[in-house]
Amino acid sequence: MRHAAAVDARTPADSTATLIRWMGVTDANTAGFVHGGTVLRLIDEVAGLAAIKHSRTRVVTGGMDRMAFLHPVHVGELLCLTASVNAAWRTSVEVGVRVESENPFTDERRHTSSAYLTMVAVDENGRPIPVPPLDPQTPDERRRAQEAEVRRRNRLAERDEILASRED
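These notes cover the structure that comes with them. (Residues numbered from 1 in each chain as written. Predicted model: local features only at pLDDT ≥ 70, side-chain atom pairs only at ≥ 80, totals over all residues. Heavy atoms only, no water.)

This part covers the overall build of the protein. The number of helices and strands found in the protein is three helices and five strands. Referenced to the eigenvectors of the C-alpha coordinate spread, the extents of the protein come out at roughly 45 × 45 × 35 Å. In the protein, buried positions account for 40% of the 168 residues. Excluding contacts between residues fewer than 6 apart, the proportion of contacts in the protein whose partners are at least 24 apart in sequence is 74%. Carbon together with sulfur atoms contributes 52% to the accessible area of the protein, which is approximately 9,400 Å² in total. (Helix = DSSP H or I, 4+ residues; strand = E, 2+ residues; numbered from the N terminus. Buried < 20%, exposed > 50% of the residue type's maximum accessible area, 1.4 Å probe, protein only. Contact = heavy atoms within 4.5 Å. Areas by Shrake-Rupley, 256 points an atom, 1.4 Å probe, with all protein chains shown as cover.)

Right, dumping it as structure tokens:
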């Protein structure tokens, strides 16, 4: 297998992945809406697809940030998930996922949730391996890369603060 380190930089467009699923009664919670866990599973799936398209290797989920449920998804609607890589570091990438529901009868679409996931590239033994750098092309892609850096700094600072508080 060819490792990602030998690959030139990729653009966010190279990693875009889309997943569309029709939500049925088996996806519903007791309130009659699509269960949040169903949405989370599909978010993880499409984020993994985007990370694989970027790194061209196996990936695992390292973490999820900023999961926001904005509106419920109804049984019978299409769940449309779009993901792309926002930033790439040494062995990990941040993937942004936008979730929309679509009424297949009216074509009405609603932004229902968003999430940011850290995906880590791994070799056959599960050890982290390098990922290609990201080359944002558009102003929106550059903005998303800058915001990903802010989220990463915040995650690392929070981790360091928690570890320091344990030493006290």
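What follows is about empty space enclosed by the protein. A full pass over the atoms with the stated rule returns one cavity of 30 Å³ or more. By volume, the largest cavity is sized at about 30 Å³. Considering the residues around the largest cavity, the lining is formed by E77, S101, E102, N103, E108, R109 and R110. Only β4 (92-102) and β5 (109-121) provide two or more residues apiece to the lining of the largest cavity. (1 Å grid on protein atoms, 1.4 Å probe; cavity = no way out; pocket = protein on both sides within 12 Å on 5 of 7 lines; lining within 4 Å. Points joined across faces, edges and corners; volume = space filled by probe spheres on them.)

Compared with an ideal rise of 1.5 Å per residue, which puts 20 residues at 28 Å, helix α2 (residues 36-55) spans 28 Å between its outermost C-alpha atoms and is within 8% of the ideal. Within the span of α2, buried status applies to T38, V39, L42, I43, V46, A47, G48, A50, A51, H54 and S55. Its buried side turned inward, α2 meets α1 (12-15), β1 (17-22), β2 (59-69), β3 (78-88), β4 and β5. In the stretch just after α2, R56 is the one whose phi turns positive, near 60°. (Expected span 1.5 Å × (residues − 1).)

What follows covers the pattern of salt bridges. Counted under the stated rule, the structure contains 13 salt bridges. One salt bridge in this structure joins R151 and E94, with 2.8 Å as the shortest N-O distance. One end of the pair, R151, is in helix α3 (residues 139-167); the other, E94, is in strand β4, with 57 residues separating them in the sequence. Note that R109 is salt-bridged to E100, the shortest N-O span being 2.8 Å. (Salt bridge = Lys/Arg side-chain N within 4 Å of Asp/Glu carboxyl O.)

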